[in-house]
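Take a look at the letters that make up each chain.
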Number of protein chains: 4
Amino acid sequence: MPPPPPVIARTKSATMSGPVVNSATRVGTLVVQAPHEKGIVSSVSQLLSRQGATVLDSAHFSDAPTQTFFQRLQFDLTGLNDRVTLERSLRETGERFNMRWRVWYGDRKKRVAVFASKQEHCLYDLLIRHRAKELDCEISMVISNHPDASPIARHFGVPFHFLPVTPETKAKQEDAAAELIDRAGVDLIVLARYMQILSPGFVARYPHRIINVHHSFLPAFIGANPYRQAHQRGVKMIGATSHYVTSQLDEGPIIEQATVRCAHRDTVEDLVRKGRELEKNVLAAAVRWHLDDRVMAYANKTVVFD
Amino acid sequence: MPPPPPVIARTKSATMSGPVVNSATRVGTLVVQAPHEKGIVSSVSQLLSRQGATVLDSAHFSDAPTQTFFQRLQFDLTGLNDRVTLERSLRETGERFNMRWRVWYGDRKKRVAVFASKQEHCLYDLLIRHRAKELDCEISMVISNHPDASPIARHFGVPFHFLPVTPETKAKQEDAAAELIDRAGVDLIVLARYMQILSPGFVARYPHRIINVHHSFLPAFIGANPYRQAHQRGVKMIGATSHYVTSQLDEGPIIEQATVRCAHRDTVEDLVRKGRELEKNVLAAAVRWHLDDRVMAYANKTVVFD
Amino acid sequence: MPPPPPVIARTKSATMSGPVVNSATRVGTLVVQAPHEKGIVSSVSQLLSRQGATVLDSAHFSDAPTQTFFQRLQFDLTGLNDRVTLERSLRETGERFNMRWRVWYGDRKKRVAVFASKQEHCLYDLLIRHRAKELDCEISMVISNHPDASPIARHFGVPFHFLPVTPETKAKQEDAAAELIDRAGVDLIVLARYMQILSPGFVARYPHRIINVHHSFLPAFIGANPYRQAHQRGVKMIGATSHYVTSQLDEGPIIEQATVRCAHRDTVEDLVRKGRELEKNVLAAAVRWHLDDRVMAYANKTVVFD
Amino acid sequence: MPPPPPVIARTKSATMSGPVVNSATRVGTLVVQAPHEKGIVSSVSQLLSRQGATVLDSAHFSDAPTQTFFQRLQFDLTGLNDRVTLERSLRETGERFNMRWRVWYGDRKKRVAVFASKQEHCLYDLLIRHRAKELDCEISMVISNHPDASPIARHFGVPFHFLPVTPETKAKQEDAAAELIDRAGVDLIVLARYMQILSPGFVARYPHRIINVHHSFLPAFIGANPYRQAHQRGVKMIGATSHYVTSQLDEGPIIEQATVRCAHRDTVEDLVRKGRELEKNVLAAAVRWHLDDRVMAYANKTVVFD
């Protein structure tokens, strides 16, 4: 987990010492993951204190089976002496405890690229939520292998890139996407029902920085046409899953899931319709939590701090 | 579907012609399943009318992919001329339309045998609901391969049969169970977290008359230790499924499913605890609907009339 | 219930006699409500038959406390002799049984006017669902007391009318709205978080033809600022409700409700955000069911046929 | 909040410094509530450290509107020097910060008295969960104003006290109950569908130590017959609520709520049946959380630590 730039923080529960702070722009967030060992908590706490970073909020979790410790700290950027020194100290402490960490400074918003295809419900949903200030980020661009989303992006004032793809041009298309993404300093890629499978090479460039939505309650109905599979099996509930993308299709760490009842009366089309609501919600939740640095991946699972 | 004796009917929505009737004991229920064909509805309707059976309620469903027609009719037993004649007419009409049917007369309660092992939550739940009059049946017996459930059965005044089983004695144990069941005229077998796999031979004796609860959201986590599997996969919801038992383990027609949220904090034990609530509820719902002749199995799925 | 023109019918379960039909445009829907009396079902059925209207699907419900009978029938328009004669027969039968009824012919789509104010999530949601063919209607216009929704309506190609309102101009504004609505032959008015209270006179013009969404789990938190009320009371779930508008504010027949968990951590703003998802979903469901002629109001409640 | 004796702790997430501990009996729990002020966290932390109490887990929450700080700490009892000294230090620090606190030592189980009337589902549920080790407590007694629950208590080996009540004997009955409760050192009173209203005097003896279940989604349908009220209003979901009892009937701090769908088909009896599942679940959750010292009441609301 190389320290990608910096963070957010809707500090509604900012606390501990000092008045409750509200502006996300003055808040830093540090997330930490390490093998369980005595002294980590106090070391990190002292480290922040030495740098003038008053802790506003802290949450931790310890996974017993893997003896792994997770912590998320929010601190006041106002008093912070120097970011370079802070990060050097974190590097040192990190090495000592075999600790992975990343820090984000709230005065920079995370940048998001949304990938879409022909289905537009998740794309619309993200753009509308962004406009309603539910997602604390910049939407830097929409990339699609179809031109259909262009007017949608334009309606919301977001740059649109049409990158068609065929089996032959796939590598080139991904290179073009990566260049757009890297040039814009994109922090998170969101696959909003993007119907292309990304190559392992592309996925490896953005570890735990690509979020996908799968239209089933994983691990049920992996693969194509999950709603058709669900209809055929005669299930009484369907689901949707948002997850980080890894090289194993539909196998990445799950971030959020939701389900809804269905019945014998429901046709495949009904399931598709009902599923859209789930897809939108689980994808938006995953994106929001990622933007707030609430999600930590480990052992092909996630910790999601409330 | 040979016409097993007869059933129930909480006729809260009894209607159509005549005052709303309330006593389940005076209600007959006819369920019908046939290839879609013109004339079935009116034939069945006239057949009942000719026998003096006033229709109180009717619901139907047509499955487009398989062009199959399903109907559930409730009729007043008071005016019915003669059950033998009614059933002979049904047999004739059934042959004409290649129709499967069964009829139940509400003046006889269905008889249920509950199979249990060491886990007692589903057993307790069924017995308590029965006592609260949620399940319109007789609980004829509890059969278990462990003696633990004996005091529970006794507390509720239900006969208990301890039938231990080992790989060597399995065939004999099942024969003993079948004899008890058949002698008592049991209509429905409920596996309340019974931890033995029934042999194909036993299952074949009671087609669509054995209901099981599986402690996962099928088809996810088939097989052993589904909560452990769910924990390992890091899902954000767990589920439970009630289904008819077929010779394919965990593959029978699903009757009901339910899910509940979980989080990274939940240990396997927490999932087991949360799952118990789901298991109880989906099993009880399936049993109640079966007792009310609301469930019809086809194509390894179920139609469940509201 | 004067027979407003005609419609709909996603006949997925079209059945009874004849092959399963799929095109909504060839389907008529008749809904009926009457005091419970012998002979209604067969009279209505014969009436349709005499007019050459083959019944495709039928559902009914009988409310025991009020002894009221409800039926929804779908029939094939192809063989229907003559709509004028059909409706005359219905009028006659209706008088005989003191029966309220309405019929809709699927070859005309219902027309909808959406009222919005500054909040745009429900408006967007309806327009997106309409484009995804989830709502079988024409969106004839968007009316708003604020200009903000204008670009949204334009993006979806829907006429927009800006009708600002002040206490002094309210009567005039409603008159203007009514004229637009009546001239366009609008069948349903949807209040998509419209923040003005309609006058009793306006409401009376469109009985059971105005659907509103209230941002609480009615009857809890009637009135202003329900999310703030919910936060203050410390509830652990919030909800949203869609209902027909009557002259009693927040007291009309409920069509759909949904809830979601919340916690002490949630600020009022969090509740507002979580509530938006509920509001969109319950409003869209109510609109869809109304368009499909599945909703029947009585005794300040609704019957909603599956 | 006078420091009632001491607490539990299923330390699945025990952490911070030292290996993950599992035995609840060696864990102490300190809960703290104070006006937001700099220095509280470090003072409490140092206080525990000075007494040899290694912190295993910590969670906090700050309520912005009321500027109130909440913390729940779990610590290892093994190294604790002396409980008397610890509590004296807590009293001193408590006074300095105007802090309310309580501490519980896991080597003593909390004692619970269950009050029941004729309805038995919640009583059974608590006793079964207790036997399944879901509730870490002793069930010291069942008190009822009806004799019906006697065989149930006996089946589970719990002492039963039959205390009938009439308007004339109410004061005496409550005195008798209080004496039984106090003599047994009961820590928590659970009203498992107890159908008597406790007098303000009785309630005042056990502040935030009496948990009730109300069979509606409070604040909807306060008072008698909530299922009948819900049926009459035509809601599409019903709910249940567990809460601390205060002198204001149905107005105490809410601990947990749950809802389930209903439909026009559901009679009042159906709502009662569906509601039972909700009642059992919300009551059991509240009891479990209280036993784990996860619930803190303030401003007529609750903080419930995960």
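Our subject is the structure that appears above.
The following refers to the structure shown. Small disclaimer: the values here were computed from a predicted structure and weren't measured.

To continue, consider the overall build of chain A. When you go through chain A residue by residue, the secondary structure sums to 8 helices and 13 strands. For chain A, whose C-alpha radius of gyration is 20 Å, the value lies close to the compact-globule estimate of 19 Å for 306 residues. Based on the C-alpha atoms only, the size of chain A along its principal axes is roughly 60 × 40 × 35 Å. Sorting the 306 residues of chain A into buried and exposed places 63% on the buried side. As presented, chain A carries roughly 11,400 Å² of accessible surface, and 52% of it is formed by carbon and sulfur atoms. When the 39 positive and 32 negative side-chain charges of chain A are each reduced to one mean point, those points stand 3 Å apart.

Superposing chain C onto chain D takes a rotation of 180° plus a shift of 0.0 Å along the axis, which leaves an RMSD of 0.0 Å. Here the transformation between the copies is reduced to the relation of a two-fold axis. Closest to the rotation axis within chain C is the C-alpha of Ala 220 of chain C, separated from it by 2.3 Å. Most of the interface of chain C is mirrored in chain D, where 100% of its interface residues again form contacts.

Residues and elements named next belong to chain C. The end-to-end C-alpha distance of helix α5 (residues 170-183) is 20 Å, a good match for the 20 Å that 14 residues give at a rise of 1.5 Å each. All of the buried residues along α5 are Gln 173, Glu 174, Ala 177, Ala 178, Leu 180 and Ile 181. The buried residues of α5 occupy one face: seen down the axis, they fall within an arc of 160°. Exposed side of α5, more than 90 degrees from the buried face: Ala 171, Lys 172, Asp 175 and Arg 183 are the residues found there. The secondary structure elements touched by the buried residues of α5 are β5 (110-116), β6 (137-144), β7 (160-162), β8 (188-192) and α6 (200-205). Trailing α5 by a residue or two, Gly 185 shows a phi angle of about 65°, which is positive.

A few words now on the interface of chain C and chain D. It is common to report an interface's size as the accessible area lost on association of the parts. Counting from both sides, the interface comprises 34 residues of chain C and, opposite them, 34 residues of chain D. Interface of chain C and chain D: buried area, both sides summed, is about 2,900 Å²; carbon and sulfur atoms make up 54% of it. The largest share of the area that chain C buries against chain D comes from Arg 233, Lys 236 and His 264 of chain C, three residues that together contribute 25% of it. One can count 4 salt bridges joining chain C with chain D. Between Asp 306 of chain C and Arg 265 of chain D there is a salt bridge whose closest N-O contact spans 3.4 Å. On inspection of chain C and its partner chain D, the count reaches 17 residue pairs in polar contact (both at pLDDT 80 or more). Only α7 (226-233), β11 (254-261) and β13 (301-304) of chain C provide two or more residues apiece to the side of chain C that touches chain D. Sorting elements by how many residues they give to the side of chain C that touches chain D places β11 of chain C first, with 7 residues.

With that settled, the discussion passes to the sheet that holds strand β7 (residues 160-162) of chain A. By way of backbone hydrogen bonds, the strands of a sheet pair with one another, either parallel or antiparallel. Residues and elements named next belong to chain A. Reading across from one edge, β7-β6-β5-β8-β9-β10-β11 is the order of the 7 strands in this open sheet, with mixed pairing throughout. In this open sheet, the two edge strands, each paired with only one partner strand, are β7 and β11 (254-261). Neighbour-to-neighbour, the strand axes of the sheet open up by a mean angle of 20°, direction not taken into account. With 3 bridges connecting them, strand β8 (residues 188-192) and strand β9 (residues 210-214) associate as parallel partners. Counterpart to Leu 191 in the pairing with β9 is Asn 212. Those strands touched by helix α3 (residues 121-131) are β5 (110-116), β6 (137-144), β8 and β9, and its axis lies near 160° from that of β6. Set on the sheet, helix α8 (residues 268-291) makes contact with β5, β6, β8, β9, β10 (237-244) and β11; between it and β10 the angle comes to about 30°.

Rules used in this analysis
- Each chain carries its own residue numbering, running from 1 in the direction its sequence is written.
- Lettering for chains starts from A, numbering for ligands starts from 1, and both go in the order in which the items are written.
- pLDDT decides what is reported in this predicted model: residues at 70 or higher carry local features, side-chain atom pairs at 80 or more are listed and counted, and totals for whole chains, interfaces and linings draw on all residues regardless.
- Side-chain metrics in this entry use all non-hydrogen atoms of the structure; hydrogen atoms and water are not considered.
- In this description a helix means any DSSP run of H or I spanning at least four residues, a strand means any run of E spanning at least two, and both kinds are numbered starting from the N terminus.
- Every radius of gyration here is taken over C-alpha atoms, with the globule rule written as 2.2 Å times N^0.38, N being the number of residues.
- Remark: exposure states derive from per-residue accessible area (1.4 Å probe, protein chains only) relative to the maximum for the residue type, with buried under 20%, exposed over 50%, and partly exposed in between.
- Computed by Shrake-Rupley with a 1.4 Å probe, the accessible areas treat only the displayed protein chains as cover when residues are assessed.
- His is not counted here, nor are the chain ends, while Lys and Arg score as positive and Asp and Glu score as negative.
- Here the site of a charge means NZ on Lys, CZ on Arg, CG on Asp, or CD on Glu.
- Least squares is the method used to superpose the copies, on C-alpha atoms of residues holding a pLDDT of at least 70 in both.
- Note on definitions: a residue-residue contact is assigned when non-hydrogen atoms from the two residues lie within 4.5 Å.
- To estimate the expected span of a helix, count its residues, drop one, and scale the result by 1.5 Å.
- Read the arc as the range of directions from the helix axis to the C-beta atoms.
- Buried area, as used here, totals the accessible surface that two parts lose on assembly, with accessibility defined by a 1.4 Å probe and the loss added over both.
- A side-chain nitrogen of Lys or Arg and a carboxyl oxygen of Asp or Glu constitute a salt bridge if their distance falls within 4 Å.
- Under this definition, polar contacts are N or O atom pairs within 3.5 Å; protein pairs additionally need one hydrogen-donor-capable and one acceptor-capable atom, and for neighbouring residues in sequence, both atoms have to be side-chain atoms.
- Two strands qualify as a pair provided DSSP detects at least 2 bridges between them.
- Note on geometry: axes are C-alpha line fits, over the in-contact stretch for helices, and angles between N-to-C directions span 0 to 180 degrees.

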